[in-house]
Amino acid sequence: MGRLERYVLFRTFAGVGAALAVISAVILLVQFVDLSRSVGVRADVGVGDLFIMTLYKSPGLILLLLPFVFLGGGMSAYIGMNRSSELVAMRAAGVSAWRFIGPSAAAAFLIGVLTVTVFNPLAADLSARFEAKRASLMDTYLGDTPKEVWLRQGDEKNLMVIHAKARDNLRGQVRLKGVSVYIYQKDDKGLPRFRRRLEAANAELIPGFWRLSSVREASAGENSVRSASLLIRSTLDAESAMERFSSPDSIAFWKLSNAIRQTELAGFSAAGYRLRLEQLLATPLLFAAMAILAAAFSLRLDRLGGLAGLAGAGAAFGFVFFFFNQFSGALASADIIPLAFAAWAPPTIALLSGLTLLCYTEDG
């Protein structure tokens, strides 16, 4: 890159950094107030704990809004250069917009790759820390009633359904209370046949096994048998079991493939996890599309008029795109449209829209 391209790239990412700072500050403030209302009035918690919980929860929301950071920050930078006549000087010197938009889009693409591979797992881990800390603080709050838990695990031969009346909220551990375990064996056609049922007061997941206590076991057509403890083999570990309690958005990118495999082995539909994986893979393209759109809505010369209206149209397009992306995901979750289409269509449409507007603005 030449000096001109480096200068435009610096100005662009200065605008993106400023937009990121503003959005992050707003998210931190809103989350702190929300946690003060939802947790602070129900548990004995100080300002420091609330602030730490806010820091744990906010990164996931910031990553969700990163496309708008690139759109808003890029528009701010280009409009600033436009009004200071820097773009006029560039065009008078015969510099095409494609010359400095390309490096900005490529840099946004690389940041998208880093977001998916590095920042997303970090945000998922912080989200898990938030859930554990919130659960520990709310443990003594009588208004929270225990929620039932359903788990399924299995392989090519066996299937096990686990129901519990409640679970202990302990980070890195899975402990269930009031447990019922239904064990099935698959026949030659892959259909499950009921084999036995276990009732236990408690169940704890240890490496490779479920450890049950105060167990009553009953098989089809036989009397029940009681035992103080029992070990049954498990295909889950603590991490994958906790993922069953979480939404696909809270699972890190590197763990989604294993979550898909485990979910399908257990007989569940992994559509939500597959959609999330496709959306994360499309994130670099989305960031590049937002960088191109930011330039497309901001390169109109200020002396020609209409720049403010075009910038407003860019902001409106961002909101429309957000709802379109969410709507596509909802349609895919309902099996109305293919998962790959729902994940890749929004960024592709945004990219083509930006390129079309740029061609019209730059080349007439």
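The coordinates are above.
Residues numbered from 1 in each chain as written. Predicted model: local features only at pLDDT ≥ 70, side-chain atom pairs only at ≥ 80, totals over all residues. Heavy atoms only, no water.

What follows concerns the pairing of strand 5 (residues 209-219). Relative to strand 5, strand 4 (residues 192-206) runs antiparallel, the two being bridged by 10 bridges. Its bridge partner lying in strand 5, Glu204 is registered against Arg211. Between strand 4 and strand 5, which pair antiparallel and follow one another directly, the connecting turn spans two residues, one of which, Gly208, has a positive phi of 85°. (Pairing = 2+ DSSP bridges. Helix = DSSP H or I, 4+ residues; strand = E, 2+ residues; numbered from the N terminus.)

A word on the pattern of salt bridges. Taken as a whole and assessed by the stated rule, the structure comprises six salt bridges. Note that Arg11 and Glu86 form a salt bridge whose closest N and O atoms lie 3.0 Å from each other. Of the two residues, Arg11 sits in helix 1 (residues 3-40) while Glu86 sits in helix 4 (residues 86-92), which places them 75 residues apart along the sequence. Its salt-bridge partner being Glu217, residue Arg196 comes within 2.6 Å of it at the nearest N-O pair. Remark: Glu217 occurs in strand 5 and Arg196 occurs in strand 4; sequence separation between them is 21 residues. According to the relative accessible area criterion, Arg196 is partly exposed, its value standing at 25%. (Salt bridge = Lys/Arg side-chain N within 4 Å of Asp/Glu carboxyl O. Buried < 20%, exposed > 50% of the residue type's maximum accessible area, 1.4 Å probe, protein only.)

As a further point, take the side chain of Glu5. Here Glu5 is to be found in helix 1. On the basis of relative accessibility, which here comes to 7%, the residue Glu5 falls in the buried class.

Our focus in this paragraph is the nonpolar core. Note on soluble globular proteins: their nonpolar side chains tend to be buried together. Ranked by size, the top nonpolar core spans 39 residues in total, and within it Tyr78, Met90, Phe100, Ile101, Met290 and Leu299 carry the most contacts. With 12 residues, helix 9 (residues 283-296) is the single largest residue contributor to this core. In terms of nonpolar packing, the next biggest core, distinct from the first, is built from 19 residues, Leu151, Ala164, Val179 and Ile183 among them. (Core = buried A, V, L, I, M, F, W, Y, C linked by side-chain atoms within 4.5 Å.)

Attention now goes to the environment of Ala14. Position of Ala14 relative to the elements: it lies in helix 1. Of the residues examined, Ala14 reaches a relative accessible area of 41% and is grouped as partly exposed. Considered as a pair, Ala14 and Ala77 are 63 residues apart in the sequence and their alpha carbons are 7.5 Å apart.

Using the criterion set out here, one finds seven aromatic pairs in the structure. Ring geometry for Tyr184 versus Phe194: centroids 5.7 Å apart, planes at 75°, classification edge-to-face. Of this pair, Tyr184 sits in strand 3 (residues 175-186) while Phe194 sits in strand 4, and the two are 10 residues apart along the sequence. Given a relative accessible area of 23%, Tyr184 falls into the partly exposed group. Relative to Trp254, the ring of Phe253 lies with its centre 5.0 Å away and its plane at 70°, an arrangement referred to as edge-to-face. Since its relative accessible area comes to 13%, Phe253 is described here as buried. Residue Trp254 is classed as exposed on the basis of its relative accessible area, which comes to 58%. Cluster of aromatic residues (ring-pair linked, three or more members): Phe13, Phe70 and Phe287. (Phe/Tyr/Trp six-rings, centres within 6.5 Å; stacked < 30°, edge-to-face > 60°.)

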